[in-house]
Amino acid sequence: MKPARFDYARPATLAEALALLAKPDTAVLAGGQSLMPMMNLRVARPARLVDINRLPLGEIALGNGVLRIGALARHAAVLASPLVAQAAPLLPQALAQVAHAAIRNRGTLGGSLSLADPAAELPACMLALDATLVAASAARGERRIAASAFFHGLYSTALEPDELLLRAELPAAAPGWRYAFLELARRHGDFAMAGLALALGPGAARLALCGVEAGQRRQPAAEAALAAGDLPAAIAALGTAEAMDSPDLPAAQRVHLAQVLLRRAFQQIGAAHAAA
Ligand SMILES: Cc1cc2nc3c(=O)[nH]c(=O)nc-3n(C[C@H](O)[C@H](O)[C@H](O)COP(=O)(O)OP(=O)(O)OC[C@H]3O[C@@H](n4cnc5c(N)ncnc54)[C@H](O)[C@@H]3O)c2cc1C
């Protein structure tokens, strides 16, 4: 199918892009890997597209203990970045499992976070890494949103229709912290049936799932048990996850997969953590 008719603009400056976004029924076009299929299927029918690919929003930089990743940073660039490997080693683990090379060459961090697909890897990573997301609009300027407040559920975020996501800011990996991203998918590169992002530090843990619940959130009960080194209690806590249910993957099975992944992740980094 072809998309419905739409107007198209490719601004060269952020101010121009934000002014265009202030018009109703306008969508941002980043990598187009999700938006274009949705438009072709007519699930999305924006009247206007603002193509942000000319904006300087692809930078990856590390300074003052904070890793900044621009919204237009392609999955492939984030995956290959030595700065990311150093400061946020969870991200390459996750991105290696996102789609295929052709899609990773176009798909962007900002597109994935703004879409908030419940099976996507990057929202779970932002939660486990305690990221701050920075957005801007013409009317209200910039604002900073904690990842825990950014994701509002199935394909829903804190972004207002006139807002552009500019970048993610992540505290750089601190000494003593270890990270694991694990997922199970039917074929490599498929969206996760269940996935898990875990950050484990001295007496602290941050845990988020993907492909399990419809919304993206941290798992405080499991985190508290992990922080205390109690893996069985953490696994039991995941049993209360409000899992999505579908004929091909019932809710109970998604929860079971998440519990299996948590055991593997803890065995992978928890043992090393205890020995450190
Ligand atoms: C075959 C296939 C397999 C895939 N597998 C996976 C997978 O395993 N895991 C995974 O996570 N993803 C997967 N994807 C999706 C892929 O990662 C997309 O790149 C991503 O979801 C969207 O990024 P994009 O840059 O292409 O965004 P676009 O498609 O351009 O935009 C997506 C949405 O975000 C909005 N948007 C984009 N950028 C911004 C911004 N800066 N500010 C505000 N709104 C914005 C758009 O308006 C649109 O609503 C797959 C895609 C395909 C086609």
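Residues numbered from 1 in each chain as written. Predicted model: local features only at pLDDT ≥ 70, side-chain atom pairs only at ≥ 80, totals over all residues.

**Details of the site of the ligand**
Note the following rule: Residue proximity rests on one test: whether the C-beta atom, placed from the backbone, lies within 6 Å of the molecule or strand. In DSSP terms, a helix is any run of H or I states spanning at least four residues, a strand is any run of E spanning at least two, and both are numbered starting from the N terminus. Asp, Glu, Lys and Arg are counted as charged, while Ala, Val, Leu, Ile, Met, Phe, Trp, Tyr, Cys and Pro are counted as nonpolar; the rest, among them Gly, fall into the polar class. An automatic or database domain assignment supplies the start and end points of every domain.
In the vicinity of the ligand, 28 residues are found, and the nearest of them are Gly31, Gly107, Gly110, Gly111 and Ala120. Contributions of two or more residues to the shell around the ligand are made by β2 (26–29), α6 (101–106), α7 (109–115), α8 (121–128) and β10 (164–171). It is α7 that provides the largest number of residues to the shell around the ligand, a total of five residues. Of the residues that constitute the shell around the ligand, the class distribution is 16 nonpolar, 10 polar and two charged. When residues are assigned to domains, the shell around the ligand turns out to be shared by domain 1 (7–50) and domain 2 (60–171), each giving three or more.

**Some remarks on the domain arrangement of the protein chain**
For the protein chain, the assigned domains read domain 1 (7–50), domain 2 (60–171) and domain 3 (178–275). Of note, the centres of domain 2 and domain 3, computed from C-alpha atoms alone, are 20 Å apart. A per-element tally of the side of domain 2 that touches domain 3 places α8 first, with six residues. Its residues placed into classes, the side of domain 2 that touches domain 3 shows 16 nonpolar, five polar and two charged.

**Structural notes on the nonpolar core**
Keep this limit in mind: Nonpolar cores are built from buried Ala, Val, Leu, Ile, Met, Phe, Trp, Tyr and Cys residues. These are joined into a set through C-beta atoms within 7 Å. Residue burial is a threshold on neighbouring C-beta atoms within 10 Å of the residue's own C-beta, all placed from the backbone, with 20 or more meaning buried, 12 or fewer meaning exposed, and counts in between meaning partly exposed. By the convention adopted here, residues make contact when the C-beta atoms placed from their backbones lie within 7 Å.
Leu90, Cys125, Ala128, Ala197, Leu198 and Ala258 are the most contacted members of the largest nonpolar core, which totals 88 residues. Among the elements that line this core, the one with the most residues is helix α12 (residues 251–275), at seven residues. If near-sequence neighbours (up to four positions away) are discounted, Leu198 is found in contact with Ala128, Tyr179, Ala180, Ala205, Leu207 and Ala265.

**Description of the packing of helix α10 (residues 220–227) against helix α11 (residues 231–238)**
Operational definition: Under this scheme, a helix contributes an axis fitted over its contacting stretch, all axes are lines through C-alpha atoms, and angles between N-to-C directions fall in the 0 to 180 degree range. Throughout, the term roughly parallel applies to angles under 35 degrees, roughly antiparallel to angles over 145, roughly perpendicular to angles from 65 to 115, and oblique to all others.
At a minimum axis separation of 7 Å, α10 and α11 run at an interaxial angle of 175°. As summarised for this structure, α10 and α11 are arranged roughly antiparallel, according to the angle between their axes. Note on element contacts: α11 touches α10 through Ala233, Ala234, Ala237 and Leu238, opposite Ala221, Ala222, Ala225 and Leu226. When grouped by side-chain class, the residues that make up the contact of α10 with α11 number eight nonpolar, no polar and no charged.

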